[in-house]
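# Survey of secondary and tertiary structure
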Amino acid sequence: MTIKNPTLIADIEKIEYNAKVITTLCQHYNIQVAAVTKGVCAEPEIAEAMLRGGCTMLADSRLENLQLLREQHFDVDHLLLRLPMISEIDEVVRLADISLNSEIATIKALNSAAQKQQTTHRIILMIDVGDLREGIWPETIHKILPEILQCEYIIFEGIGCNLGCYGGVIPSPENMGLLLQQKLMIETSYPISVNLVSGGTSTALQLVASGKMPKGINHFRVGEAILLGRNPVDRSPFPGTCQDAFIIQGEIIECQWKPSVPLGQIGQDAFGHLPVFEDRGIRLRAILALGRQDIAVNGLTPCDPKIQILGASSDHLLIDITETHHRYQVGSTISFFPNYAAVLAASTSRYIRKICINS
Ligand SMILES: *Cc1c(COP(=O)(O)O)cnc(C)c1O
């Protein structure tokens, strides 16, 4: 069976363009950009566009996605973003050139797996500079580093940090400086060089744009700013990029005039919320065959600004089309701009058709 609707449409040229804007900015500061593909389940055409746009690495949080990328034979390093699970360690060594790490037990397991496979594996040691997600506390570097250096099949590639994900901490000259101090400290205390200093995600780009990124940070892992042209700190547009590379389309399966307040006593909706309704009289309402199983409803913005989203259940999205000038009817498609969560959900849903276009 071929799915016609709903559809997630990705504009390859816009994604490549956004990648170009960001990698050009970063190149000025000697920062290389790893293309983070997890938001689109590593769709190969999108990954390729990000590489054409100047990204020099592919990065994803899931091994299934890295496997998909591997099958394309892109000639760049593949980076695993999520800390490896011990239970998948052989696949990590097989599929990722580099992984982010913070646990010596995991690094030792990577070492054994690499030895078994007669290869080496590169790691970036994650340091927590305040966001309280992954990373070792800076004071414990002296404990873990000598142990890492004893792992013969592990290549210590550098250090990195993650910000803005759990604690929402914004990259600053201070926390970036803290990361750089660790590089200096490691290089003066140990006979190794720290090649990569991975300063963060899309949220770090504003620091580069404002000229405040301390010199020495030379690597970023960027997803949202390339895919959607937005700064995740406040979702503001990133200067020079486009914000409309993705569109989600749903098809109208009912279109009728109805009251705006339900009749009868109101209990919980399908998702456990007690809905409230404003009486706006009789309205023209449309139901789309698109639901919470496929999309993050709160992450959709109708492309037609006169359309209002009323709500959604598992398989239905309700919209108010009274104010629009278009004559939508049963069978018409309605377009939305998805945010990052909605792109991720749509990419993951097997009930959504995915197509790539060139604008
Ligand atoms: C998801 C992720 C990124 C990319 O984040 P964006 O905000 O999309 O740029 C970078 N690093 C790690 C560790 C991640 O998990």
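Residues numbered from 1 in each chain as written. Predicted model: local features only at pLDDT ≥ 70, side-chain atom pairs only at ≥ 80, totals over all residues. Heavy atoms only, no water.

Around the ligand, a shell composed of 15 residues is seen, among which K38, S202, R221, G223 and E224 lie nearest. For the ligand, an oxygen atom lies 2.5 Å from a polar atom in the side chain of S202. G223 places a main-chain nitrogen or oxygen 2.9 Å from an oxygen atom of the ligand. In the complex, the protein chains occlude 92% of the 390 Å² of accessible area that the ligand would expose alone. (Near = heavy atom within 4 Å. Polar contact = N/O pair within 3.5 Å; in protein donor to acceptor, adjacent residues only side chain to side chain. Areas by Shrake-Rupley, 256 points an atom, 1.4 Å probe, with all protein chains shown as cover.)

So, about the domain arrangement of the protein. If you check the domain split of the protein, you get domain 1 (12–229) and domain 2 (246–357). Between the C-alpha centres of domain 1 and domain 2 there is a distance of 37 Å. Buried surface at the junction of domain 1 and domain 2, summed over both partners, amounts to about 950 Å²; 71% is from carbon and sulfur atoms. The interface formed by domain 1 and domain 2 contains two residue pairs in polar contact (both at pLDDT 80 or more). Mapped by element, the contributors of at least two residues to the side of domain 1 that touches domain 2 are α1 (12–28), α2 (44–52) and α9 (224–227). In terms of residue count, the dominant contributor to the side of domain 1 that touches domain 2 is α1 (three residues). (Domains from an automatic or database assignment. Buried area = accessible area lost by both parts, 1.4 Å probe. Helix = DSSP H or I, 4+ residues; strand = E, 2+ residues; numbered from the N terminus.)

Summarizing the sequence annotation, UniProt attributes the feature "domain: Alanine racemase N-terminal" (unreviewed entry) to residues 11–227 in the numbering used throughout. Span residues 11–227 is 41% helix and 18% strand, its end C-alpha atoms 10 Å apart. (UniProt positions renumbered as here; feature names shortened; annotations may be inferred.)

Turning our eyes to something else, we now look at the pattern of salt bridges. Scanning the entire structure with this criterion turns up 14 salt bridges. The residue R70 makes a salt bridge to D97 at a minimum N-O spacing of 2.9 Å. Of the two residues, R70 sits in helix α3 (residues 63–70) while D97 sits in the loop between α4 (89–95) and β5 (98–101), which places them 27 residues apart along the sequence. (Salt bridge = Lys/Arg side-chain N within 4 Å of Asp/Glu carboxyl O.)

Look at α1 against α2: their axes get within 7 Å of each other, and the N-to-C directions meet at 35°. Relative to α2, the crossing made by α1 is right-handed. Residue-level inspection shows I12, I15, E16 and A19 of α1 in contact with α2, the latter providing E45, I46, A49, M50 and R52. (Axes fitted to C-alpha atoms, helices over the stretch in contact; angles between N-to-C directions. Left-handed = near helix turned anticlockwise from the far one by under 90°. Contact = heavy atoms within 4.5 Å.)

Moving on, we get to the environment of I170. You can see I170 is positioned in the loop between β7 (154–160) and α7 (173–189). Distance in space between the C-alpha atoms of I170 and S202 is 11 Å, their sequence separation being 32 residues. I170 has contacts with N175, Q206 and V233, leaving out every residue within four places of it along the chain.

This next bit is on the pairing of strand β9 (residues 219–222). Residues H219 and R221 line one face of β9 and the alternating positions F220 and V222 line the opposite face, and both faces are buried. Judged from the four bridges that link them, strand β2 (residues 32–36) and β9 form a sheet pairing that is parallel. When the sheet's bridge partners are listed, A35 is paired in β9 with V222. (Buried < 20%, exposed > 50% of the residue type's maximum accessible area, 1.4 Å probe, protein only. Pairing = 2+ DSSP bridges.)

Among the five residues of β2, four are classified as buried, and the element is accordingly described as predominantly covered. With three bridges joining them, β2 and strand β3 (residues 57–60) adopt parallel strand pairing. Across the sheet, V36 pairs through a bridge with A59, a residue of β3. Handedness of the crossover is the feature at issue here: the chain leaves β2, passes through α2, returns alongside β3, and the resulting connection is right-handed. (Right-handed = clockwise from strand over helix to strand, strands pointing away.)

We now examine the side chain of D294. Mapped onto the elements, D294 comes out in the loop between β13 (282–288) and β14 (300–302). Buried and without a salt bridge, D294 has K354 as its closest oppositely charged side chain, separated by 8.3 Å. At a separation of 3.0 Å, a polar atom in the side chain of D294 contacts the side chain of S349. The residues touching D294, leaving out its near neighbours within four places in the chain, are A345, A346, S349, Y351 and I352. (Lys, Arg positive; Asp, Glu negative; His and termini not counted.)

What follows is about a nonpolar patch on the surface. A cluster of nonpolar side chains, L132, W137 and Y166, forms an exposed patch at the surface whose accessible area comes to about 390 Å². Its location among the elements puts W137 in the loop between β6 (121–126) and α6 (141–149). Relative accessible area serves as the criterion here: at 43%, W137 is assigned to the partly exposed category. (Patch = residues over 30% accessible without salt bridge, like charges linked within 9 Å, V, L, I, M, F, W, Y side chains within 5 Å.)

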